[in-house]
Amino acid sequence: MTLRITPLADPEPGTSSRRLAWLASGTDGAPVGSAFLRLFTKEGQEHLAELEIAVHTGERRHGVGTRLLDAAVTAARTEGRRSVIAQAEQGSPADEFLAARGFRRVLSLTYARLALKDVDLTALAEQDKPGYELTEWDGTVPAELARSYADARRAMDDMPMEGTDYGTVVWDVERVVAAAEAVARRGELLHTVAAVDRGDGSIVGFSELVVPGDGLGDGQHYGTAVLPEHRGRGLARWMKATSIRRARERHPDLAGLLTDTADSNAPMLAVNAALGYVPTHKAVEYQLDL
């Protein structure tokens, strides 16, 4: 098959990244595959690129994926990137493809789902934690909490990433606001539950949940984290349980909630299991060192 690889450009770069794209087409001009390369631009991640490749099922093993990969890797080198990461479901064709082309496994992830119809709301009732209180908001963080919330994002800095050259995500108020606005532009609903230290009023942990705009299908947990100096007090489970209750109360037709956790993150895996999340599949994060 004669392949044509056409480079494309993302018309709207984000505040923390921009994307390059390629479309593979056959002799008749019909699309047979695509590739997207996200180039991170924020301080702490300028060395990193994230790759997504998709090939039509009927066109696999004809060199489409390899040609797309070559185009993306060449671009990553040209852009001065040190590492390219990509994710694949364990045991899938993409898993085999990446392993055979110089990528190495750096992180294992467990995906899990909570069926909301099976949730016992009374079982999710958590006792208040001495010295802390919860606050919640929809969409963009309230202005009076923005600085504290941005500071609390460092709770993700030591999230287990195993061998991934992920860098350090530097969060400021601008990035926090931009992330919430990006969710809103997609027509989705962002709800955040945060733990506040009663002593100084600072945010010390958070749990984010994104729900489809029509309240149907499954919601997705974006992140749950607690600052190191406040861990071991049950705050993560308290926040996530509250997030689940709100989802049930506000979106009665929502089917479930999805979450993914690194296999090395034993504390969060334990929280998910205690809240009733059931593993659905495993994924592997791959990395190509340039």
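What you are looking at is a predicted structure, and each value in this text was computed from that prediction instead of being measured. (Residues numbered from 1 in each chain as written. Predicted model: local features only at pLDDT ≥ 70, side-chain atom pairs only at ≥ 80, totals over all residues. Heavy atoms only, no water.)

Enquirer: Teacher, can you tell me more about the nonpolar core here?
Expert: Membership of the largest hydrophobic core comes to 40 residues, with the highest contact counts inside it found for Ile 203, Ile 244 and Leu 257. Elements supplying a minimum of two residues to this core: strand E6 (104–115), strand E7 (132–138), helix H3 (143–152), strand E8 (189–197), strand E9 (203–211), strand E10 (218–226), helix H5 (235–250) and helix H6 (266–275). Looking at which element gives the most residues to this core, the answer is H5, with 7 residues. Beyond its immediate stretch of four places on either side in the chain, Ile 203 contacts Trp 137, Leu 145, Ser 148, Tyr 149, Ala 152, Ala 194, Ala 195, Val 196 and Leu 227. In terms of nonpolar packing, the next biggest core, distinct from the first, is built from 29 residues, Leu 3, Leu 39, Val 84 and Tyr 286 among them. (Core = buried A, V, L, I, M, F, W, Y, C linked by side-chain atoms within 4.5 Å. Buried < 20%, exposed > 50% of the residue type's maximum accessible area, 1.4 Å probe, protein only. Helix = DSSP H or I, 4+ residues; strand = E, 2+ residues; numbered from the N terminus. Contact = heavy atoms within 4.5 Å.)

Enquirer: Any chance you could explain the domain arrangement of the protein here in plain terms?
Expert: In many reports, interface size means the accessible area that the parts give up when they come together. You can read the domains of the protein as domain 1 (4–81) and domain 2 (112–282). Its C-alpha centre places domain 1 at a distance of 31 Å from the equivalent point of domain 2. On the domain 2 side, the residues contacting the 8 residues of domain 1 number 10 residues. Across the domain 1/domain 2 interface, buried area totals approximately 770 Å², and carbon plus sulfur atoms make up 46% of it. Across the salt bridge formed by Glu 174 and Lys 42, the nearest N and O atoms sit 3.9 Å from each other. Viewed at the interface, domain 2 and domain 1 are joined by 1 residue pair in polar contact (both at pLDDT 80 or more). Per-class residue counts for the side of domain 1 that touches domain 2 are 1 nonpolar, 5 polar and 2 charged. (Domains from an automatic or database assignment. Buried area = accessible area lost by both parts, 1.4 Å probe. Salt bridge = Lys/Arg side-chain N within 4 Å of Asp/Glu carboxyl O. Polar contact = N/O pair within 3.5 Å; in protein donor to acceptor, adjacent residues only side chain to side chain. Nonpolar A, V, L, I, M, F, W, Y, C, P; charged D, E, K, R; others polar.)

Enquirer: When you look at the environment of Asp 165 in this model, what are you seeing that I'm missing?
Expert: Considering the arrangement of structural elements, one finds Asp 165 in the loop between H3 and helix H4 (173–185). Note: C-alpha distance between Asp 165 and Ile 85 (80 residues apart in sequence) is 8.5 Å.

Enquirer: Sorry, what's going on with H4 here?
Expert: One turn of the α-helix equals 3.6 residues, which is why residues spaced by three or four share an orientation. Between the first and last C-alpha of H4 there are 18 Å, a value that for 13 residues agrees with the 18 Å anticipated at 1.5 Å per step. Buried within H4 we find Arg 175, Val 176, Ala 178, Ala 180 and Val 183. Contacts from the buried residues of H4 go to H3, E8, E9 and E10. At the C-terminal side of H4, Gly 187 shows a positive phi close to 80 degrees. (Expected span 1.5 Å × (residues − 1).)

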